[in-house]
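So you can see what is in the structure, the chains are spelled out below.
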Amino acid sequence: MNTMSPSISAEADMRSKGAAVPVPDGRRKDTLMEDKPEDTVIEEGKTVGKPFTADPKFKLRNVDVSYGADRAIKNISLDIGRNEVIAFIGPSGCGKSTFLRCLNRMNDSIDICRVKGSLELDEQNIYDSKRDVVELRARVGMVFQKPNPFPKSIYDNVAYGPRIHGLANRKSELDDIVENSLRKAGLWNEAKDRLDAMATGMSGGQQQRLCIARAIAVSPEVILMDEPCSALDPIATARVEELIAEMSESYTIVIVTHSMQQAARVSNRTAYFHMGHLVEVNETDTVFTSPQHPLTESYITGRFG
Amino acid sequence: MQTANLLPLVLVLAVVAYGLAYMRSRAVAAPLGGIRNLKALPFYYAARAALWCAIPALIVLAVWAGFEDKVIQGIVIASLPPDTWPESAGQASLILSQISNVAAGSLNPEFLPEHITGAASLLEAMQDKSGNFKAILVVLIAVLGATFAWTRVAPHINARKNVETTLRRIFFVCAALAVLTTAGIVFSVFLETLRFFDRVPITEFLFGTSWSPQTALRIDQIGSEGAFGVIPLFTGTLLISAIALLVAVPVGLLSAIYLSEYASKRMRSTVKPVLEMLAGIPTVVYGFFAALTVAPFIRDLAAIVGLEASSQSALAAGLVMGIMIVPFVSSLSDDVISAVPQTMRDGSLALGATQSETMKKVIFPAALPGIIGGILLAASRAIGETMIVVMAAGLAANLTANPLDSVTTVTVQIATLLVGDQEFDSAKTLSAFALGMLLFIVTLLLNVLALKIVRKYREQYD
Ligand SMILES: Nc1ncnc2c1ncn2[C@@H]1O[C@H](COP(=O)(O)OP(=O)(O)OP(=O)(O)O)[C@@H](O)[C@H]1O
Ligand SMILES: [Mg+2]
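Residues numbered from 1 in each chain as written. Chains lettered and ligands numbered in written order. Predicted model: local features only at pLDDT ≥ 70, side-chain atom pairs only at ≥ 80, totals over all residues. Heavy atoms only, no water.

Asker: Can you walk me through the overall build of chain B in this structure?
Answerer: Within chain B, the regular secondary structure consists of 15 helices and two strands. Over its C-alpha trace chain B gives a radius of gyration of 32 Å, far above what one expects of a compact globule, namely 23 Å for 462 residues. The principal-axis extents of the C-alpha atoms in chain B amount to approximately 80 × 80 × 35 Å. Relative to its full complement of 462 residues, chain B shows a buried share of 39%. Expressed as a percentage of contacts within chain B between residues at least 6 apart in sequence, the contacts between residues at least 24 apart total 73%. For chain B, the accessible surface area stands at approximately 25000 Å², while carbon and sulfur atoms represent 69% of it. Counting 30 positive and 29 negative side-chain charges, chain B places the averaged centre of each group 20 Å from the other. (Helix = DSSP H or I, 4+ residues; strand = E, 2+ residues; numbered from the N terminus. Rg over C-alpha atoms; globule rule 2.2 N^0.38 Å. Buried < 20%, exposed > 50% of the residue type's maximum accessible area, 1.4 Å probe, protein only. Contact = heavy atoms within 4.5 Å. Areas by Shrake-Rupley, 256 points an atom, 1.4 Å probe, with all protein chains shown as cover. Lys, Arg positive; Asp, Glu negative; His and termini not counted. Charge placed at Lys NZ, Arg CZ, Asp CG, Glu CD.)

Asker: Hey, could you run me through the site of ligand 1 in this one?
Answerer: Residue and element names in this part refer to chain A. Surveying the vicinity of ligand 1 reveals the residues Y67, A72, S92, G93, C94, G95, K96, S97, T98, I110, E227 and H258. H258 is positioned with one of its side-chain polar atoms (N or O) 2.7 Å from an oxygen atom of ligand 1. In the complex, 62% of the free accessible area of ligand 1, which totals 640 Å², lies under the protein chains. Among the elements that take part in the shell around ligand 1, helix α3 (residues 96–102) stands out by supplying three residues, more than any other. Of the residues that constitute the shell around ligand 1, the class distribution is four nonpolar, six polar and two charged. (Near = heavy atom within 4 Å. Polar contact = N/O pair within 3.5 Å; in protein donor to acceptor, adjacent residues only side chain to side chain. Nonpolar A, V, L, I, M, F, W, Y, C, P; charged D, E, K, R; others polar.)

Asker: What exactly am I supposed to notice about the domain arrangement of chain B here?
Answerer: For interface size, the figure often reported is the accessible area lost on association. Domain annotation of chain B identifies domain 1 (3–157) and domain 2 (227–461). Spacing between the C-alpha centres of domain 1 of chain B and domain 2 of chain B amounts to 49 Å. (Domains from an automatic or database assignment.)

Asker: Just to check I follow, could you spell out the state of the cysteines for this structure?
Answerer: Simply put, the disulfide is a covalent bond whose two ends are the sulfur atoms of two cysteines. All names here are of chain A. According to the stated counting rule, one finds zero disulfides over all chains in the structure shown. Unpaired in this structure, C211 has its nearest cysteine sulfur neighbour in C229, at a distance of 12 Å. A residue is classified by how much of its surface remains accessible, and C211, at 3% relative accessible area, is buried. (Disulfide = S-S within 2.5 Å.)

Asker: Looking at this structure, I do not really get the packing of aromatic side chains. What am I missing?
Answerer: In this description, a pair of aromatic rings is defined by centroid distance and the angle of the planes. Taken as a whole and assessed by the stated rule, the structure comprises 14 aromatic pairs over all chains. Ring centres of F197(B) and F205(B) lie 5.5 Å apart, and the angle between their planes is 65 degrees; this geometry places the pair in the edge-to-face category. Given a relative accessible area of 1%, F205(B) falls into the buried group. Each member of the aromatic cluster is reached from another via a ring pair, and the members are F196(B), F197(B), F205(B), W211(B) and F228(B). One cation-aromatic arrangement involves R214(A) over F150(A); the distance from NZ or CZ to the ring centre is 4.3 Å. (Phe/Tyr/Trp six-rings, centres within 6.5 Å; stacked < 30°, edge-to-face > 60°. Lys NZ or Arg CZ within 6 Å of the ring centre and 35° of its normal.)

Asker: I tried to follow the interface of chain B and chain A on my own but got confused; where do I start?
Answerer: Across the contact, 22 residues belong to chain B and 24 residues belong to chain A. Interface area, chain B with chain A, both sides summed: about 1900 Å², of which 60% is carbon and sulfur. When the buried surface of chain B facing chain A is broken down by residue, A350(B), L351(B) and K361(B) rank first, second and third, together holding 33% of it. Taken together, the links from chain B to chain A amount to zero salt bridges. Looking at the side of chain B that touches chain A, the elements with two or more residues in it are α11 (342–350) and α12 (355–384) of chain B. Here the side of chain B that touches chain A gets eight residues from one element, more than from any other, and that element is α11(B). In terms of residue class, the side of chain B that touches chain A is built from nine nonpolar, eight polar and five charged. (Buried area = accessible area lost by both parts, 1.4 Å probe. Salt bridge = Lys/Arg side-chain N within 4 Å of Asp/Glu carboxyl O.)

Asker: I keep staring at the pattern of salt bridges and nothing clicks. Help me out?
Answerer: Between side chains of opposite charge, a pair can form when the charged atoms approach closely. Residue and element names in this part refer to chain A. For the structure on display, the rule yields 27 salt bridges over all chains. A salt bridge links K57 to D122; the shortest N-O distance between them is 3.1 Å. On the criterion of sequence distance, the pair formed by K57 in strand β2 (residues 56–67) and D122 in the loop between β5 (113–121) and β6 (124–125) is long-range, its members being 65 residues apart. Of the residues examined, D122 reaches a relative accessible area of 23% and is grouped as partly exposed. Among the charged side chains, a salt-bridge network with shared partners connects D55, K57, R82, D122, R131, E135, R139 and E221.

Asker: Can you walk me through the environment of R48(B) in this structure?
Answerer: Residue and element names in this part refer to chain B. Here R48 lies in helix α2 (residues 42–79). Look at R48 and you get buried, because its relative accessible area is 4%. For R48 and L446, which are 398 residues apart along the polypeptide, the C-alpha to C-alpha distance reads 45 Å. Residues contacting R48, with those up to four places away along its chain left out, are A149, R152, V153, I157, A159, N162 and V163.

Asker: Can you walk me through the sheet that holds β5(A) in this structure?
Answerer: Within a beta sheet, neighbouring strands are joined by backbone hydrogen bonds and run either parallel or antiparallel to one another. All names here are of chain A. Strand order across the open sheet formed by four strands is β3-β2-β5-β6, with antiparallel pairing between neighbours. Each edge of the open sheet is held by one strand with a lone partner, namely β3 (70–81) and β6. Where β5 and β6 come together, two bridges link them in antiparallel fashion. For L121, the partnering residue across the bridge sits in β6 and is Q124. (Pairing = 2+ DSSP bridges.)

Right, dumping it as structure tokens:
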């Protein structure tokens, strides 16, 4: 799962095959028009594959999200299993981030965002008006696309969550939490001698791992990752992917990614989104080897997206 | 020709030079296959021609205009018959003003000695000549400069660099002008301050506890030696500023936090301008509000609880001043708080922090330097404010820490010292400079201190 060099060239191959049709520009467009995958009609709320699991962590039914008058998520139903890694893929603007942010109600801070449908975490409604968002977010952590460490020391960054939630009674307990989190995030060796240094002085890859350490310091049950590697180089990416593999034993992980190779390497299941629809969900191997929906196939073979 | 007419003429010439050079650069470029073959865009050749046209001409104009009067006056005075030469500078300026008044036609020459009328016609002739020479010279230089630049519109010459360098120098001169003006003001205040310390020892000024600058007008007058102890003024200033900041910082900061973090967009876009309007109200309006409404109210309130308050009190002035400076704190803080990237908020919220925890632990530290800047601005407004204090806190230089007493401040004293007819050499007048200098030093130290604090505690995001 962790080796990556072969798959990178695989992607390059796929894409170049798609593009290297030996016809002049004008005609190539026309030929593409004939069986344009975008023209495929998507039936709302209809998802190919296996969207449901037994005993899910998240049970999401008929989820509809709109920004003002724009519907960004159209009637999606999906289960996310316990301790599974699920990857969300799909072309830009198809609603992956929007859907992800529903899972810990990060959409609350966007005024115009409306979420409808039933979203349950361990059979409790996430959007219940009596629901304590603080407790929800402590259970469902999040790592963002761009590393966003606080402008504080490395130590304070990791200790931020535990302090807020009162997870440590003594300084030594807090120290342990910080060390454990940094170890799990594979950052301890690099950071142990400079815990008091500003986090913003670290490299991008280190910062992202710090953000992961910060998220796991509050011992969440679920970690949502929105393109966590898009700002990282291949080595840092490999490091984060290793980390995801290790974490998958004890956490439920949802990862949004634009790299099909990454989805293939780290996830158990893959969900393909298209223009606000959830088109196909299946075991990752199945999705990549024998996709059932024509849109999924076009996307993973690099026809568009 | 008058300098006032020459200036627009030079500018017109510069515009013409611009146009000509622009056309020429295009013409030069055309046979080469378009402007891409020039080293710089036509704009730069044109701008360089305009600069070459305007700058040397303007410099000559400035120098000429600066020395013109002095030189002509020298010649006119020298032309007077030797027995009427002025003996002192005062007399010279008297004669000169007579002469120029005759020349300008506002004095009737009939009743004046002949040498004055003669000098007047000489003055007129000289001024005419000088004006003509000046006009010819300036226009010539402008044309020469433009011509030079015009001949240098060539594809291999890089005009862009010249223009950039010149513009950089112009900007530098502007910046230097601002700095030099400040330095000049400080320096002249400093010199007057030294003169003051000739009369009143610096120790008495700095450590004296009584302030009554009235000195005797006549030698035989009794009892008015004058006392120049600055301490009551400074405690007054500090007292009022402290009260003002105690009002403005919490109110301003909390409203900034409300506006940037909690208020809806519409709320923010209406409330913020209204708040900023507070800063636009003239201070004299605040002043009478403080004197006529707040001060009596405080006196009555104090009477009810059995305290004695004077009808003009530091509290009244401080409270109203506090309201006045709220927008300095709130508007600047709101800006810096809103400038903290959304990713910081998301990061904190995603860890399960509440909005107020996020504010307190992430946003506020990141915005701190800007907030301190706003508070400092407010503080310097408070320290420098005069009108409200004159009207609401009185003029009595009491050494007290009781906010219900009337006090006075440094700026109020400076104003009262210089209002009305004053002899310029008395210790009383000069003490205003010393006060000004002291005020300057204190605010400077405050600024330095705040900068240090900010450097130490800032949490920089990127
Ligand atoms: N804050 C917002 N306000 C209004 N519309 C939004 C907002 N955020 C997202 N949208 C809209 O919702 C749709 C889905 O956006 P989303 O960010 O979820 O896409 P995405 O799949 O994450 O894309 P990407 O892969 O580029 O990150 C887009 O059409 C976008 O314009
Ligand atoms: Mg996204």
